[in-house]
Amino acid sequence: SQKIEQNSEALNIQEGKTATLTCNYTNYSPAYLQWYRQDPGRGPVFLLLIRENEKEKRKERLKVTFDTTLKQSLFHITASQPADSATYLCALLNTNAGKSTFGDGTTLTVKP
Amino acid sequence: SQTIHQWPATLVQPVGSPLSLECTVEGTSNPNLYWYRQAAGRGLQLLFYSVGIGQISSEVPQNLSASRPQDRQFILSSKKLLLSDSGFYLCAWSENRPTMADTQYFGPGTRLTVL
């Protein structure tokens, strides 16, 4: 069956360090993989998109990698700040599929 | 620019009462529309999605229903609420074009408590 797995435990890091979140998937052939941020009581907000033929994408302090052989995406936040504390969701869109499927998310806490 | 509205923001309803949550999108035409439910501390559960007026796909059997009476209006309903219907309900839209990546834009959500 199809499955998307994100870090099962919450992630706690110190301010200034790099946070690395993982998204693993099975039985998908994603054409696109996206990362969203969700703050408590709010809807998710789109951050980054990476295509199946791309290895890496960057946006300011954010970096996403996509390894279709390992079936994994890594999401990095460099020089993390307390304001980066939130839940981060990955979402996959299969080739020829009409809609994305979301992982359950990883909660990141950056401590000052 | 596009905006998405949901109302109400919070709702407390007794078990067995009806439900109607509304979502509207501005600034785009023929969007894909989605209803999700999120339990506390959990991920997004896709309930319904629509690719056009009157076209609704249900993802999870339940006592909820959805309708799309107009291009940019999406309504979530129930005739009789259950305790298990409590949760955070999110509406989202995405561009309805085959080459697009289905990036979804979410509304502010409705917090529903069924007592």
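As a reminder, the structure under discussion sits directly above these lines.
What comes next is a walk through the structure. Bear in mind the structure is a predicted one, so any value in this text is a computation, not a measurement.

### Here we look at the environment of Asn63(B)
Residue and element names in this part refer to chain B.
And then number 1: Assignment of secondary structure puts Asn 63 in the loop between β6 (55-58) and β7 (64-70).
And then number 2: Under the relative-accessibility criterion, Asn 63 is labelled partly exposed at 27%.
And then number 3: Note: C-alpha distance between Asn 63 and Ser 77 (14 residues apart in sequence) is 8.7 Å.
And then number 4: Beyond its immediate stretch of four places on either side in the chain, Asn 63 contacts Ser 77, Ser 78, Lys 79, Lys 80, Leu 81, Leu 82 and Asp 85.

### So, the interface of chain B and chain A
And then number 1: Counting residues at the interface gives 21 residues for chain B, matched by 17 residues for chain A.
And then number 2: Counting each side, the surface lost to burial between chain B and chain A is near 1,400 Å², with a carbon and sulfur contribution of 56%.
And then number 3: Counting every contact that joins chain B to chain A gives one salt bridge.
And then number 4: Where chain B packs against chain A, one counts four residue pairs in polar contact (both at pLDDT 80 or more).
And then number 5: Considered class by class, the residues forming the side of chain B that touches chain A number eleven nonpolar, six polar and four charged.

### Digging into the sheet that holds strand β1 (residues 3-6) of chain A
Sheet strands pair via backbone hydrogen bonds, and the direction of the pair is either parallel or antiparallel.
Residues and elements named next belong to chain A.
And then number 1: With antiparallel pairing, the five strands of this open sheet are ordered in space as β1-β3-β8-β7-β6. Unpaired on one side and paired on the other, β1 and β6 (56-59) mark the two borders of the sheet. Looking at each pair of strands side by side, their axes are set apart by 15° on average, direction ignored.
And then number 2: In terms of strand pairing, β1 meets strand β3 (residues 19-26) through four bridges, oriented antiparallel. Across the sheet, residue Gln 6 finds its bridge partner in β3, namely Cys 23.

Definitions and cut-offs
- Chains are numbered independently. Their residues run from 1 in the order of the written sequence.
- Chains and ligands are labelled by the order in which they are written, letters from A for the one and numbers from 1 for the other.
- Confidence filtering applies because this is a predicted model: local features only for residues at pLDDT of at least 70, side-chain atom pairs given and counted only at 80 or more, and all residues used for totals across whole chains, interfaces and linings.
- Side-chain calculation: all heavy atoms of the structure are included, whereas hydrogens and water are not.
- Strands are runs of DSSP state E lasting at least two residues, helices are runs of H or I lasting at least four, and both sets are numbered from the N terminus onward.
- The cut-offs for exposure are 20% and 50% of the maximum accessible area for each residue type, with area from a 1.4 Å probe on protein chains only; residues under the lower value are buried, those over the upper are exposed, and the others partly exposed.
- By the convention used here, residues are in contact when the closest approach between their heavy atoms is within 4.5 Å.
- Buried area counts how much accessible surface, traced with a 1.4 Å probe, disappears from two parts once they are put together, with both parts' losses summed.
- The term salt bridge refers to a pairing of a side-chain nitrogen on Lys or Arg with a carboxyl oxygen on Asp or Glu at a separation within 4 Å.
- What qualifies as a polar contact is a pair of N or O atoms within 3.5 Å, subject to a donor-acceptor requirement within protein and to the restriction that residues adjacent in sequence count only when both atoms come from side chains.
- Residue type decides the class: Asp, Glu, Lys and Arg count as charged, Ala, Val, Leu, Ile, Met, Phe, Trp, Tyr, Cys and Pro as nonpolar, and the leftover types, Gly among them, as polar.
- Strand pairing is defined by DSSP finding a minimum of two bridges between the two strands.
- Angles shown run from 0 to 180 degrees and are taken between the N-to-C directions of axes, each axis being a line fitted to C-alpha atoms and, for helices, limited to the stretch in contact.

By themselves, these are just geometric observations and shouldn't be taken as functional.
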